[in-house]
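So you can see what is in the structure, the chains are spelled out below.
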Amino acid sequence: MELQGQNGLLATFREPWRTRGGVAYAVAGALIGFYTLLYFRDHLGVAGGALDPEAWAAALGLRSRWLLYGALYSLAMIGGAAYYLRRHGNARYNRWRIGVNVGVQVVLAFTLPLVMPYFFTGDPGQFWKYEYYFSYFWPLDWYKLHPGSLQNVPVVFAIYSIVGALVAAPLLAYFYGKRWYCSWVCGCGGLANTFGDPWRHLTSTSTRSWRFEKRAVHTIMFLAIASTLLLFLDHLVGDRNATFHRLIDGGQWWSMKSLYGYVVGAILAGVIGTGLYPLLGPRVWCRNFCPMAALLGLFQKLGRFRITVKPDMCISCGNCTTYCEMGIDVRSYAQSNESFTRAACVGCGMCAHVCPRGVLKLENAPKLQADKKRTGLPVVNL
Amino acid sequence: MRVVIIGNGVAGIEAALALRAREPAWSITIVSEESDHFFSRTALMWVLSGQLSHRCIEPHERDLYARMRFERVRARALGVDAALRQIRLAGRPPLDFDQLLIACGSRPRPGPWPGAELDGVGAFVSLQDLEWLEAELHGGPSRGGRPPNPDAHVALAPADSPYRPRTSLRARRGGPPRHPVVIGGGLIGIEAVEVMLAAGLRPRFYVREDSFWPVALDAREAAVVTEALRAHGADVRLGEHVEALVDDGQGAVGAVRSDAGEEPCDLCVVAIGVEPNTGWLVGSGVSLDARGGVVTSERLETSVEGIYAAGDCAAVRWFDGTTRPEPLWYTARAQGRVAARAMLGDSVRYDRGPWFNSAKLMDLEYTTAGLVNQHMEGEHNWFFEERREAGGALRSTLRVVLAGERVVGFNALGRRWNHAVWVRWIEERRPLGWVLDHLAEAAFDTELVPPLVIPREARERAPERPATRSNEAPVAAPRY
Ligand SMILES: Cc1cc2nc3c(=O)[nH]c(=O)nc-3n(C[C@H](O)[C@H](O)[C@H](O)COP(=O)(O)OP(=O)(O)OC[C@H]3O[C@@H](n4cnc5c(N)ncnc54)[C@H](O)[C@@H]3O)c2cc1C
Ligand code: SF4
Ligand code: SF4
């Protein structure tokens, strides 16, 4: 039989490394250490030593530690994908989704940035212009829409950056949900769904965590947009207003641009976002802090994507809620016969996959199915 | 208004929530012997395997009772005094009520064979059963831990309570069972088998009937399930009648004797069905039917005014007009809501509508609607086996049941279907051709799964008379 649902039982809660046992803490410690070295190398005084990621990259013949990071990232995704597919690869949606996501990472987010500079320029000083990551868009890759970047990269890249972020991404999210990006393309989502998959059940589903998520993620979204606008303003008036320029883009650690980079890019996305996979689940960053997820979530909410619930069939078992990596209490909708669209949902499809009663279906349909009205057993008022 | 609800299961909690939604001031007390928190009984198997933790199978956050101001009493109810309007409790003073809801669920039907009370023999229905099997199969609870307050009821639980803990033989045996047995070819039985297989054991599975789950599956469908069970390593014994459970000399089960002989057994899960958990109501003045179900009116009121019943313990009217308990999750939930509305004074009627259900039989998804194994007058079946390629591996099965020209039932394995659409077609009295033309509207497969394609010759095949299974008198075609 071709199986589309969860195939066999999982032993998740009997495995210490997946349920905050000692190994989980050790892995978290190692990840946090690695990200701290990677992002704060210049501040830790490790340059030139055995702990210098630049030295590791050089030893491997890679131009910078970021390419080394890209290589490790791709390897982690490939290994994680093997783990994921062994468990959930019986369903086509899962196979296609993970396959595409890993492919995008390896080709668009590693190979092309690695080789493009050699094709387009011989000057190492110009390499950075061609180290272009096609799979990342503003506001996740916040630098892509900076006036400085737009001016300096080749014009095709600049157009791609603008159209991708402001037109294509929102439109696709409207028609297909934010999953087109968060679960099929994005590297952060890709790592979460492969390397991070063993820990997906650790995402908190409490109401408190939902409240925190809504506040945090929309705050960061606001900051991402506002700071980008300020950079444009600085671009226009900065040379006439030295204090403003120093505050916004002066190069000191406390200028807005550096602060955003450290706090959002390095600490929230890297150190915490990935470092805490084994303790808080793999979508800490995506769920609580990613400005792109927040923005696409708004379009998703307005758009066509939804999870359709088959009436009265839910047995409230909790498999969907437990294995939702975004901490959405899917069961609460399923048991009330409510088809739903949540801004946070990344459309990973796992809730539908693990549901033992086939209650849930991800869909991008323009209008609600006719039988959606048929909710609950008929109770006849006399 | 003082409302007391006996039972913290789905029927009880749904009723309590529905009452609170309309009556913020009523005093609502929930009495439960089994647990402090409402949990999904349907999900016990995943806690046993380790796929879910105890907290995962609680559908509400644990502060629900405080938020909703539900008083909780963890005790066994011993009887109702209908005249004094009191509930007697084990080890506690009685509780007064103005209105009472009995939602005390069902208990496992005990094995009718000698030896059914031996150590190492039990059921898989309650939290306590779960805890026993966790100890037997895995040596203890998963890292998700035990439910909160697991033993609060133990000291006062009378011997006949279905929620009494059972002792594990694992220590005496020195490890997990070597010859685990499951008796009873129904849904709980197959769940127990699946969990044992997942724990690395090879259970022996006694099914009295000649094919698996004959109330729901026909012989061809049952064969598919049996094959899946065997492929996963279960030793399925079809048509074998258990005669006795044999003492190992130390008061524990040592073997199972059936009409095919005696074979070793050191753990036995009996899953031969459930019965209303209403022994404690005998003699209280609340009428019970022959099966022990609480007799209810259309508005789920019992024979005593102001006392209602809902869920597994209530005998309700079925779609076929008979009255009996209906041990199902969605009906228990619906009955809880209807009973609450009746208690609030609304004119309501519990109307069950056509039958539907779904299940997962090992890896096979099963969906059904309407009448499928009723042996009806003028019944014909249109059956289709979808194969990957001609003569290749089976991909799914679909059976459409007809009474005369009209479609009255659907049974499907291996694909997901929206039963609500099927139910509508049954109510619209659609003919087979129309249904086959519109099947795609009921498809509920996950994305990217290729749709079911029915070749022309299969589509035009005349439906067959079902193989007569028994000499039961045929039932009339449904009226709805
Ligand atoms: C393993 C298993 C799998 C199942 N799977 C499915 C499925 O897939 N689909 C489906 O539709 N149904 C399934 N069922 C059936 C479903 O679980 C029941 O129909 C449902 O739980 C009934 O709910 P209820 O509220 O009526 O009673 P219960 O859930 O049985 O709750 C009974 C409550 O009453 C309390 N109680 C009982 N007696 C007393 C007393 N004397 N004093 C105090 N308190 C008392 C208990 O503490 C408990 O809180 C399954 C059942 C089992 C055991
Ligand atoms: S709701 Fe379902 S599809 Fe959406 S993120 Fe959660 S598990 Fe994935
Ligand atoms: S939707 Fe499915 S997985 Fe979720 S609680 Fe209901 S039956 Fe379980």
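Residues numbered from 1 in each chain as written. Chains lettered and ligands numbered in written order. Predicted model: local features only at pLDDT ≥ 70, side-chain atom pairs only at ≥ 80, totals over all residues. Heavy atoms only, no water.

Looking now at the overall build of chain A. Each helix and strand in chain A was counted, giving 18 helices and three strands. At 22 Å, chain A has a C-alpha radius of gyration in line with the 21 Å of a compact globule built from 382 residues. Each of the 382 residues in chain A was classed as buried or not, and the buried ones make up 58%. Element-wise, carbon and sulfur atoms account for 68% of the exposed surface of chain A, whose accessible area totals about 15600 Å². Side-chain charges of chain A comprise 37 positive and 19 negative groups, with the mean position of each set lying 9 Å from the other. (Helix = DSSP H or I, 4+ residues; strand = E, 2+ residues; numbered from the N terminus. Rg over C-alpha atoms; globule rule 2.2 N^0.38 Å. Buried < 20%, exposed > 50% of the residue type's maximum accessible area, 1.4 Å probe, protein only. Areas by Shrake-Rupley, 256 points an atom, 1.4 Å probe, with all protein chains shown as cover. Lys, Arg positive; Asp, Glu negative; His and termini not counted. Charge placed at Lys NZ, Arg CZ, Asp CG, Glu CD.)

Turning to the side chain of Thr274(A), a few remarks are in order. Mapped onto the elements of the fold, Thr274(A) is located in helix α12 (residues 256-275). Filtering out sequence-adjacent residues up to four positions away, Thr274(A) remains in contact with Leu31(A), Tyr35(A), Leu191(A) and Ala269(A). (Contact = heavy atoms within 4.5 Å.)

So, on to the environment of Trp425(B). All names here are of chain B. Assignment of secondary structure puts Trp 425 in helix α9 (residues 419-427). Note on Trp 425: relative accessible area 0%, which makes it buried. Spatially, the C-alpha atom of Trp 425 lies 9.9 Å from that of His 438, the residues being 13 residues apart in sequence. Not counting the four nearest positions on each side in its chain, Trp 425 is found in contact with Phe 410, Arg 430, Trp 434, Val 435, His 438, Leu 439, Glu 441 and Ala 442.

Attention now moves to the packing of helix α1 (residues 22-44) of chain A against α12(A). All names here are of chain A. The contact between α1 and α12 brings their axes to 7 Å, and the two run at 160 degrees. Considering their axes alone, α1 and α12 lie roughly antiparallel with respect to each other. Viewed along their axes, α1 and α12 form a crossing whose handedness is right-handed. Residues Ala 28, Leu 31, Ile 32, Tyr 35, Thr 36, Tyr 39, Phe 40 and His 43 of α1 touch α12, and the partners they reach there are Tyr 262, Gly 265, Ala 266, Ile 267, Gly 270, Val 271, Thr 274 and Gly 275. (Axes fitted to C-alpha atoms, helices over the stretch in contact; angles between N-to-C directions. Parallel < 35°, antiparallel > 145°, perpendicular 65-115°, else oblique. Left-handed = near helix turned anticlockwise from the far one by under 90°.)

On to the sheet that holds strand β26 (residues 394-403) of chain B. All names here are of chain B. Taken in spatial order, the five strands line up as β23-β24-β27-β26-β25 in an open sheet, and their pairing is antiparallel. Each end of this open sheet is capped by a strand with a single partner; those strands are β23 (356-361) and β25 (379-387). Here the average twist between neighbouring strands, direction ignored, is 15 degrees. With six bridges joining them, β23 and strand β24 (residues 364-370) adopt antiparallel strand pairing. Looking at β24, one finds that Leu 361 is bridged to Leu 364. (Pairing = 2+ DSSP bridges.)

The next point concerns helix α7 (residues 155-176) of chain A. Residues and elements named next belong to chain A. Of all bends in α7, the biggest is about 50 degrees, found at Gly 164. Within α7, burial applies to Phe 157, Ala 158, Ser 161, Gly 164, Ala 165, Ala 169, Pro 170 and Ala 173. Those residues of α7 that are buried are in contact with α4 (92-120), α5 (127-130), α6 (147-152), α8 (179-182) and α15 (291-302). Count one or two residues on from α7 and you reach Gly 177, which has phi positive near 85 degrees. (Bend = angle between axes of the 7 residues up to and from the residue.)

Not every one of the 34 residues close to ligand 1 is listed here, only the nearest: Arg357(A), Asn8(B), Ala77(B), Asp312(B) and Trp329(B). Around ligand 1, the neighbouring residues derive from chains A and B rather than from a single chain. Within the backbone of Ala11(B), one N or O atom sits 2.9 Å away from an oxygen atom of ligand 1. Glu33(B) places a main-chain nitrogen or oxygen 3.2 Å from an oxygen atom of ligand 1. Considered on its own, ligand 1 offers 1000 Å² of accessible surface; in the complex 96% of this is hidden by protein. If you list the elements that add at least two residues to the shell around ligand 1, you get α1 (10-22), α6 (187-198) and α8 (329-343) of chain B. In terms of residue class, the shell around ligand 1 is made up of 18 nonpolar, nine polar and seven charged. (Near = heavy atom within 4 Å. Polar contact = N/O pair within 3.5 Å; in protein donor to acceptor, adjacent residues only side chain to side chain. Nonpolar A, V, L, I, M, F, W, Y, C, P; charged D, E, K, R; others polar.)

The next subject is the interface of chain B and chain A. Where interface size is quoted, it is often the accessible area lost as the parts come together. Contacts between the two partners involve 77 residues from chain B and, on the opposite side, 62 residues from chain A. When chain B packs against chain A, the two sides together hide about 5800 Å² of surface, and 51% of this comes from carbon and sulfur. Our count for the chain B to chain A interface comes out at four salt bridges. Put simply, Arg179(A) and Glu447(B) hold a salt bridge, and the shortest N to O gap is 2.7 Å. At the boundary of chain B with chain A, the tally comes to 27 residue pairs in polar contact (both at pLDDT 80 or more). Here the side of chain B that touches chain A is built from residues that sort into 32 nonpolar, 22 polar and 23 charged. (Buried area = accessible area lost by both parts, 1.4 Å probe. Salt bridge = Lys/Arg side-chain N within 4 Å of Asp/Glu carboxyl O.)

Residues and elements named next belong to chain B. Splitting chain B by domain gives domain 1 (2-33 + 75-107 + 275-343), domain 2 (110-272) and domain 3 (356-459). Summarising the inter-unit geometry, the C-alpha centres of domain 2 and domain 3 are found 32 Å apart. Taken together, the contact between domain 2 and domain 3 spans 18 residues of the former and 14 residues of the latter. For the pair domain 2 and domain 3, the summed buried area comes to about 1500 Å², and 68% of that belongs to carbon and sulfur atoms. (Domains from an automatic or database assignment.)

Looking now at the sheet that holds strand β15 (residues 261-264) of chain B. Residue and element names in this part refer to chain B. Pairing is antiparallel in the open sheet, where three strands are placed in the order β13-β14-β15. Here the strands that pair on one side only, and so sit at the sheet edges, are β13 (242-247) and β15. With direction set aside, neighbouring strand axes in the sheet form an average angle of 25 degrees. One ladder, built from five bridges, connects β13 with strand β14 (residues 253-258); its direction is antiparallel. The residue bridging Asp 247 from the neighbouring strand is Val 253, located in β14.

Right, let's get into a positive patch on the surface. Among the surface-exposed residues, Arg208(A), Arg211(A), Lys214(A) and Arg215(A) lie close enough to one another that they form a single positively charged patch. Note on placement: Arg211(A) falls in helix α10 (residues 207-237). (Patch = residues over 30% accessible without salt bridge, like charges linked within 9 Å, V, L, I, M, F, W, Y side chains within 5 Å.)

Residue and element names in this part refer to chain A. Counted under the stated rule, the structure contains 41 aromatic pairs over all chains. An aromatic cluster is defined as three or more aromatic residues linked by ring pairs; in this entry it consists of Tyr 132, Phe 134, Phe 137, Phe 157, Tyr 160, Trp 180 and Tyr 181. Cation over ring: Lys 144 sits above Tyr 132, and NZ or CZ is 4.7 Å from the ring centre. (Phe/Tyr/Trp six-rings, centres within 6.5 Å; stacked < 30°, edge-to-face > 60°. Lys NZ or Arg CZ within 6 Å of the ring centre and 35° of its normal.)

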